[in-house]
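Remarks on the overall topology
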Amino acid sequence: MQQHADLLIALLTRVRLEARFVCETKRPQRWREGGADSANALFVYAARGRIELDDRGRTLVLEQGDLALLPHSVAERMAGAGADTELPAALLRGDAVGAQGENAPRALCAGLHYDATSAMPLCRLFGATMIAPAAAIAGEPMLSHALHGLSRELERTAALRNPVLLRALELIYALALELAVAGAVRAGEQQADTALRDPRIARCLYYMYTHFGEKCSLDELAAHAGLSKSALSARFNALVGEPPARHLARIRVAEARLLLRSTELSQEAVAEQVGYASVVGMHLAFRSIAGEPPGASRRAGTGEAV
């Protein structure tokens, strides 16, 4: 269990989620507006009553206090929705849609963005829908208080304007994701084979995310996974969706982009810090993963036109 907790910390440290929007049943939001269509993750919280979530054609019941995490992209999940579709109603079924009165079911919905190009592909590492149940949330004071505070704030304001609450959305998502993954591992759920539920691939991923600045060869990754190189490559590709070398390049490019945008380190120093033997190697990785040269990240950090 500690292995999964450590891996989640390493993953979320690199992902750097950014909250984009929050809405509720009484104050919905058109999903194509306000950046909602570019958000890559959602969560839906059953703030009051029983909520029925439309989980890609099947009904998923959330009891009061349950939180559903949807790590896949909004655009993917809402591909069949109309232009006027509003959240959270577009994700709900049953009485919560259009219900009125103080006792009507109430759902909160929040969208968060992550850089899927240069960061990790979250949608392959986590299941399409993950649940943090109310009982487990109640045992996590930080998460419980953040959710209650968000619910109360939305009851008294028409829009989320407090930047502190935007940070709270990121906290809620990260804490709930850890809780949901831990619960799935304890329960031995097998309905969705993901990289985090495979102990060998989880060990490999953890080594990648904590040693990306080193050589980190396929031999070393295979040794940490306890697999042959061919077996690691096949299993990693099946569960993560890409070969180990490309996933490692994603991690390195994401870290290099951050350094180029937030420090004055030379490209040579950045390349060395993220594990490349030369600037040429880093340039090739940037072109392949991000579709742009490293210099574009530096210009973006300084506000220069690209």
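For the structure itself, consult the block above.
The notes below deal with the structure included here. In every chain, residue numbers begin from 1 and rise along the written sequence. Predicted model: local features are reported for residues with pLDDT of at least 70 only, side-chain atom pairs are reported and counted for 80 or more only, and whole-chain, interface and lining totals are derived from all residues. Values shown for side chains rest on all heavy atoms present in the structure; no hydrogens or waters enter the calculation.

Let us look at the overall build of the protein. The secondary structure listing takes helices from DSSP runs of H or I that are at least 4 residues long and strands from runs of E that are at least 2 residues long, numbered from the N terminus. A tally of helices and strands in the protein yields 13 helices and ten strands. Contact criterion: two residues are considered in contact whenever any of their non-hydrogen atoms come within 4.5 Å of each other. Considering only intrachain contacts with a sequence separation of at least 6, the fraction spanning at least 24 residues in the protein is 72%. Residue burial considers only the protein chains on display, and all accessible areas are found by Shrake-Rupley using a 1.4 Å probe. Total accessible area on the protein is roughly 13900 Å²; 50% of this is exposed by carbon and sulfur atoms.

A few words on the sheet that holds strand β8 (residues 92-93). The pairing criterion for strands is at least two bridges between them, as found by DSSP. Judged by pairing direction, the sheet is antiparallel, and its three strands sit side by side in the order β5-β4-β8 without closing on themselves. The sheet is open, and its two edges are formed by β5 (58-62) and β8, each paired on a single side.

In summary, soluble globular proteins display a tendency toward joint burial of nonpolar side chains. With 72 residues, the main nonpolar core has F43, L67, L69, F126 and L232 as its most contacted residues. Among the nonpolar cores identified, the runner-up in size contains 18 residues, and A46, I51, L62 and V74 belong to it. Side-chain atoms within 4.5 Å are what join buried Ala, Val, Leu, Ile, Met, Phe, Trp, Tyr and Cys residues into a set we call a nonpolar core. Here's how the labels work: a residue is buried when its accessible area is under 20% of the maximum for its type, exposed when over 50%, partly exposed in between, all with a 1.4 Å probe on protein chains only.

One open sheet accounts for five strands, arranged β1-β9-β3-β6-β10; its pairing is antiparallel. Two strands lie at the open edges of the sheet, namely β1 (18-24) and β10 (130-132), each paired on one side alone. Strand-to-strand, the axes of this sheet are offset by a mean angle of 20 degrees, without reference to chain direction. Direction of pairing for strand β3 (residues 41-48) relative to strand β9 (residues 106-113): antiparallel, over a ladder of seven bridges. Among the inter-strand pairings, Y45 is bridged to a residue of β9, identified as L108. Note on definitions: angles span 0 to 180 degrees between N-to-C directions of axes, and those axes are lines fitted to C-alpha atoms, for helices only across the stretch in contact.

Our next topic: helix α12 (residues 279-289). All buried positions along α12 are accounted for by V279, M282, A285, F286 and I289. Seen end-on, α12 carries its buried residues on one side only, within an arc spanning 120 degrees. The outward face of α12, more than 90 degrees from its buried face, is lined by the exposed residues V280, L284 and R287. Downstream of α12 by a residue or two, G291 has a phi angle that is positive, lying close to 70 degrees. In this context, the arc is that of the directions from the helix axis out to the C-beta atoms.

The buried count for β1 comes to five of seven residues, which makes it a mostly enclosed element. Alignment of β1 against β9, held across six bridges, turns out to be antiparallel. Residue pairing across strands places C23 opposite C109, the latter belonging to β9.

Before going further, it helps to examine the packing of helix α7 (residues 199-211) against helix α10 (residues 244-262). Remark: α7 packs on α10, axes separated minimally by 10 Å, with the N-to-C direction vectors making an angle of 35 degrees. Relative to α10, the crossing made by α7 is right-handed. Contacts between α7 and α10 involve L205, M208 and Y209 from the former and P244, H247, L248 and I251 from the latter. Among the residues forming the contact of α7 with α10, the class breakdown is six nonpolar, one polar and no charged. Each crossing gets its hand from how the near helix is turned against the far one by less than a right angle, where anticlockwise is left-handed and clockwise is right-handed. Residue classes follow a fixed rule: Ala, Val, Leu, Ile, Met, Phe, Trp, Tyr, Cys and Pro count as nonpolar, while Asp, Glu, Lys and Arg count as charged, and any other residue, Gly among them, counts as polar.

Cis geometry marks the peptide bond from L87 to P88; its omega dihedral reads 0 degrees. One can find P88 in the loop between β7 (86-87) and β8. A positive phi is found at C216, a non-glycine position, where the angle reads about 55 degrees. Residue position: C216 is located in the loop between α7 and α8 (218-225).

What follows deals with the environment of T85. When you line up the elements, T85 lands in the loop between α2 (74-77) and β7. A relative accessible area of 19% places T85 in the buried class. Distance from T85 to W31, taken between C-alpha atoms, is 6.5 Å for residues 54 residues apart in sequence.

Shape descriptors only; they carry no functional weight alone.
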